[in-house]
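Breakdown of the fold
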Amino acid sequence: MSSLASQKWVAAVLTVGVLALYALFLAEPIHLATADLGRHLKNGELWWQHRELLFTNFYSYTEPTHPFINHHWGSGAVFFLVWKLLGFQGVHLCVIALHLGALFIMLRCATERAGIGVAALLSMLMIPILAIRAEVRPEALSYLFTAVFFRRLTSCRTQQCSLRHLWWLPVLEAVWVNLHSYFVLGPALIAAFLIEALCDTARQARVRTLARLLGLTLAATLLNPSGINGALVPLTMFREYGYRLFENQSVPFLLARFTMPRLWLFIGVFAGLAASLLVAWPRARRAPPISEALTALGISAMAWGAYRNLALFGLLAIPLMATGVGTLPAARRPRSEGGAALIAVLIWCLAVFGPSSVWSPPSAAGRGLGLEPGDSAAAAFIRQERLPGPIFNNYDIGGYLIFHLFPEHRVFVDNRPEAYSAAFFTNLYIPMQEDDAVWRKAEAQFGFNMIVFHRHDLTPWGQRFMIARVDDPAWAPVFVDRDTLILLKRHERNRSAIDRFEIPRSAFHVTSR
């Protein structure tokens, strides 16, 4: 076998190995009871019939007219189309393909900079960070679009690119702005490369091309149902955010409260990224990697500021870290290439066959495609027994109820803090679970007939509320499974269901208070 053929074979094996390991991390069944996917699918079904869902809190009966910019409605349309054709397994496979496509592009970028061995090692190291956002979410589309933008812009360094070679990036941005709030990364990446070009006096033609491209891409962000307000969503969506989410917390905040090995891995990668760029800067042949430095600063700030951004950081860190290795003298590269490939293979073997670690994918028992078995049981019970509302539900399970029960039932709340006023959470939703007097007042105001609660709500108010309602003689628990607890108000119209399905209070116990 020739040396070239051998190199291609090694590259193919390493590439397949990296993608296969990542696919194992992504193949966790969809947990619709807490996921956003149910609401996205309903958006995709209804957006063309009910345009108000693009601008208001459409699914809730508590604040139905509260203004809300549905910036990811396009993802719902895509997911709904796939779901209608191929079901939940098809949606799951589609999202896995998006993740793998993004990683493949970044792997290729890193390979061009430092060789397949280094690229495979960096990708392998990054997989636990990428898998932080393994759930079926619209941001999978953003990862792919980010990878496409980054690769195309980096290729323009070595090629004579005019606007006619790049016209499709603003077109892609016009699609992206309707899919997910990460669309801001499109113009941000172009701006980073434009600043780099401005610092290189020999590339003035490139400056003009990138400046025009940036203008067209910014204009493309206006092509959404909310116009300028939709284009500004990444800057305004957290302005009135009355509910604290785990995914929005900073790395220091989480490290102070939880034991999370993946956060320490992120810190190690962050240090490696900083070191690689410091190494690359003085060794750059023609101009320092200003665009890489700006991109690294941006994604690092995003990652340190919010847990939800760690996967994006991991994706872009792969080619950015390869930059430093790519500046090594040619004589030293084969050694670094071979050593990195060997370490990558070792990590892969340990991940698949070794003891449990941060690089270990879910066990075979925890893997699968589509919905978790029994995931729809609670909604099926409500429909089968034709249980009337109004429903009081907790934050986690709102999207599940929207998917299964809308429009017969509207929700009290769902997992979109930006769709509700901050006062709704601070003055009503949380106090009514903490204080029985507030609960009784809300119960009289809304006339609740049913409570549907995600059992693994770990908020202190959620735990207290479930205990209080199970002990409340005015409410009867009639359904419980792995995820969901359903209670009915004790009155005449619920008597038949309560007589047939009431669960004795002795079946419940509190493990800790």
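Above this note sits the structure.
So, here's what we can say about the structure.

About the thresholds
Residues numbered from 1 in each chain as written. Predicted model: local features only at pLDDT ≥ 70, side-chain atom pairs only at ≥ 80, totals over all residues. Heavy atoms only, no water. Salt bridge = Lys/Arg side-chain N within 4 Å of Asp/Glu carboxyl O. Buried < 20%, exposed > 50% of the residue type's maximum accessible area, 1.4 Å probe, protein only. Core = buried A, V, L, I, M, F, W, Y, C linked by side-chain atoms within 4.5 Å. Helix = DSSP H or I, 4+ residues; strand = E, 2+ residues; numbered from the N terminus. Contact = heavy atoms within 4.5 Å. 1 Å grid on protein atoms, 1.4 Å probe; cavity = no way out; pocket = protein on both sides within 12 Å on 5 of 7 lines; lining within 4 Å. Points joined across faces, edges and corners; volume = space filled by probe spheres on them. Nonpolar A, V, L, I, M, F, W, Y, C, P; charged D, E, K, R; others polar. Patch = residues over 30% accessible without salt bridge, like charges linked within 9 Å, V, L, I, M, F, W, Y side chains within 5 Å. Areas by Shrake-Rupley, 256 points an atom, 1.4 Å probe, with all protein chains shown as cover. Pairing = 2+ DSSP bridges. Axes fitted to C-alpha atoms, helices over the stretch in contact; angles between N-to-C directions. Lys, Arg positive; Asp, Glu negative; His and termini not counted. Parallel < 35°, antiparallel > 145°, perpendicular 65-115°, else oblique. Left-handed = near helix turned anticlockwise from the far one by under 90°.

Details of the pattern of salt bridges
- Under the criterion given, the structure shown has 24 salt bridges.
- The partner of E135 in a salt bridge is R137, and the shortest N-O contact between them spans 3.4 Å.
- Judged by relative accessible area, which is 30%, E135 ranks as partly exposed.
- For R137, a relative accessible area of 13% gives the class buried.
- Counted as one network, the salt bridges with shared partners bring together D436, R440, E443, R464, R469, D472 and K489.

Some words on the nonpolar core
- Counting residues in each nonpolar core, the largest one holds 159 residues, and the members touching the most others are L37, F392, F412 and Y429.
- Per element, the largest residue contribution to this core is 17 residues, and it comes from helix α3 (residues 73–114).
- F392 has contacts with Y61, F412, Y429, M432, Q433, W439, F448, M450, I451, V452, F453 and F465, leaving out every residue within four places of it along the chain.

Considering empty space enclosed by the protein
- Applying the stated criterion to the full structure yields three cavities of 30 Å³ or more.
- Roughly 60 Å³ of volume is contained in the largest cavity.
- Looking at the largest cavity, the residues that line it are L54, I69, N70, H71, W73, V177, N178, N224, P225 and S226.
- Across the lining of the largest cavity, the residue classes break down as five nonpolar, five polar and no charged.
- Taken as a whole, the second largest cavity holds about 50 Å³ of empty space.
- In terms of lining residues, the second largest cavity is bounded by Y22, H99, A102, L103, L130, Y143, A311 and L315.
- Sorting the residues of the lining of the second largest cavity by element identifies α3 and α15 (310–326) as the ones contributing at least two each.
- A per-class count over the lining of the second largest cavity returns seven nonpolar, one polar and no charged.

Here's the deal with a nonpolar patch on the surface
- Together, L222, I228, L232 and L235 make up an exposed nonpolar region whose accessible area comes to about 390 Å².
- In this structure, L235 sits in helix α11 (residues 233–236).

Here we look at the sheet that holds strand β1 (residues 391–393)
- Taken in spatial order, the four strands of this open sheet run β1-β2-β4-β3, and their pairing is mixed. Of all the strands in the sheet, the pair left with one neighbour each is β1 and β3 (475–480). Going across the sheet, the axis of each strand differs from the next one's by a mean of 20 degrees, ignoring polarity.
- Note: β1 against strand β2 (residues 450–454), three bridges, orientation parallel. Following the sheet pairing, I391 is matched in β2 by M450.

Some remarks on unusual backbone geometry
- Cis peptide bonds are those with omega within 30 degrees of zero, and the linkage from G389 to P390 qualifies with 0 degrees.
- Along the polypeptide, P390 turns up in the loop between α17 (377–384) and β1.
- Backbone torsion omega between F406 and P407 reads 10 degrees, so that peptide bond is classified as cis.
- Mapped onto the secondary structure, P407 falls in the loop between α18 (398–405) and α19 (422–429).
- Phi angles above zero are rare outside glycine, and R386 is one such case at about 50 degrees.
- Among the structural elements, R386 can be located in the loop between α17 and β1.
- Judged by relative accessible area, which is 75%, R386 ranks as exposed.

Examining the side chain of E418
- For E418, the position within the fold is in the loop between α18 and α19.
- With no salt bridge to any partner, buried E418 finds its closest opposite charge in R39, at an N-O distance of 6.1 Å.
- With residues up to four places along the chain from it excluded, the contact list for E418 reads H66, P67, F68, H71, M237, E240 and Y241.

Observations regarding the packing of helix α2 (residues 37–46) against α3
- Two elements in contact, α2 and α3, have axes separated by 7 Å at closest approach and are oriented at 120 degrees. Here α3 runs oblique to α2, going by the angle between their axes. You can see that α2 and α3 cross each other, and the crossing is left-handed. On α3, the residues that touch L37, H40, L41, G44 and E45 of α2 are G76, A77, F79, F80, W83, F88 and V91.
- When its residues are assigned to classes, the contact of α2 with α3 shows eight nonpolar, three polar and one charged.

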